[in-house]
Amino acid sequence: MAHKINTGKFRDSWILCFVLGMVMLNYPFLHIFNKTASVFGVPVLILYFFIGWPVSIGVICFFSQLLEQQETEEVAEENSEEEDA
């Protein structure tokens, strides 16, 4: 039997990712990275956006795949129970 994801913890993880995403795009963090410094000629704030945005998308993709996998396993388990009956 495959490892099942605890839906309570999964929901908490989604909420945590949402809150962290909101914090990343609000004043304190934007102010931290809004400096005149640059890395390889690119302003730090632009790098923050170009790195933070794909990381956020990757986390959302990861959680979506976990949810899809869990739903697929539940459907397969229900189908196998129906066949046994």
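Residues numbered from 1 in each chain as written. Predicted model: local features only at pLDDT ≥ 70, side-chain atom pairs only at ≥ 80, totals over all residues. Heavy atoms only, no water.

Caption draft 1: Up close: unusual backbone geometry. For phenylalanine 40, which is not glycine, the phi torsion reads 55° and is therefore positive. By secondary structure assignment, the location of phenylalanine 40 is in the loop between β1 (38–39) and β2 (42–43). (Helix = DSSP H or I, 4+ residues; strand = E, 2+ residues; numbered from the N terminus.)

Caption draft 2: Focus on the environment of alanine 37. Note that alanine 37 resides in the loop between α2 (27–33) and β1. When its relative accessible area of 41% is taken as the criterion, alanine 37 is described as partly exposed. The residues touching alanine 37, leaving out its near neighbours within four places in the chain, are Pro43 and Val44. (Buried < 20%, exposed > 50% of the residue type's maximum accessible area, 1.4 Å probe, protein only. Contact = heavy atoms within 4.5 Å.)

Caption draft 3: Summary view of a negative patch on the surface. Residues Glu68, Glu71, Glu74, Glu78, Glu81, Glu82, Glu83 and Asp84 make up a contiguous surface patch of negative charge. Within the element layout of this structure, glutamate 83 appears in helix α3 (residues 44–84). Overall, glutamate 83 belongs to the exposed group, its relative accessible area being 67%. (Patch = residues over 30% accessible without salt bridge, like charges linked within 9 Å, V, L, I, M, F, W, Y side chains within 5 Å. Areas by Shrake-Rupley, 256 points an atom, 1.4 Å probe, with all protein chains shown as cover. Salt bridge = Lys/Arg side-chain N within 4 Å of Asp/Glu carboxyl O. Lys, Arg positive; Asp, Glu negative; His and termini not counted. Charge placed at Lys NZ, Arg CZ, Asp CG, Glu CD.)

Caption draft 4: Structural detail: the packing of aromatic side chains. Per the stated rule, a full pass over the model turns up 3 aromatic pairs. Ring geometry for tyrosine 48 against phenylalanine 49: centres 5.9 Å apart, planes inclined by 50°, an arrangement best described as tilted. Ring geometry for phenylalanine 62 versus phenylalanine 63: centroids 5.7 Å apart, planes at 65°, classification edge-to-face. By relative accessible area, phenylalanine 63 is classed as buried at 12%. Taken together, the ring pairs in this structure connect Phe33, Tyr48 and Phe49 into an aromatic cluster. (Phe/Tyr/Trp six-rings, centres within 6.5 Å; stacked < 30°, edge-to-face > 60°.)

Caption draft 5: Highlighting α3. Its 41 residues give α3 an end-to-end C-alpha distance of 60 Å, which sits within 8% of 60 Å, the value for a rise of 1.5 Å per residue. Among the residues making up α3, those that are buried are Tyr48, Gly52, Phe63 and Gln70. (Expected span 1.5 Å × (residues − 1).)

Caption draft 6: How the structure looks around the layout of surface pockets. In this structure, the largest pocket spans a volume of roughly 370 Å³. Cys17, Gly21, Met24, Ser56 and Ile60 are the residues nearest the centre of the largest pocket, which is lined by 17 residues in total. Elements with a contribution of two residues or more to the lining of the largest pocket: α1 (7–24) and α3. With 9 residues, α3 is the single largest residue contributor to the lining of the largest pocket. Grouping the amino acids of the lining of the largest pocket by side-chain chemistry returns 14 nonpolar, 3 polar and no charged. (1 Å grid on protein atoms, 1.4 Å probe; cavity = no way out; pocket = protein on both sides within 12 Å on 5 of 7 lines; lining within 4 Å. Points joined across faces, edges and corners; volume = space filled by probe spheres on them. Nonpolar A, V, L, I, M, F, W, Y, C, P; charged D, E, K, R; others polar.)

Structural measurements only, silent on function.
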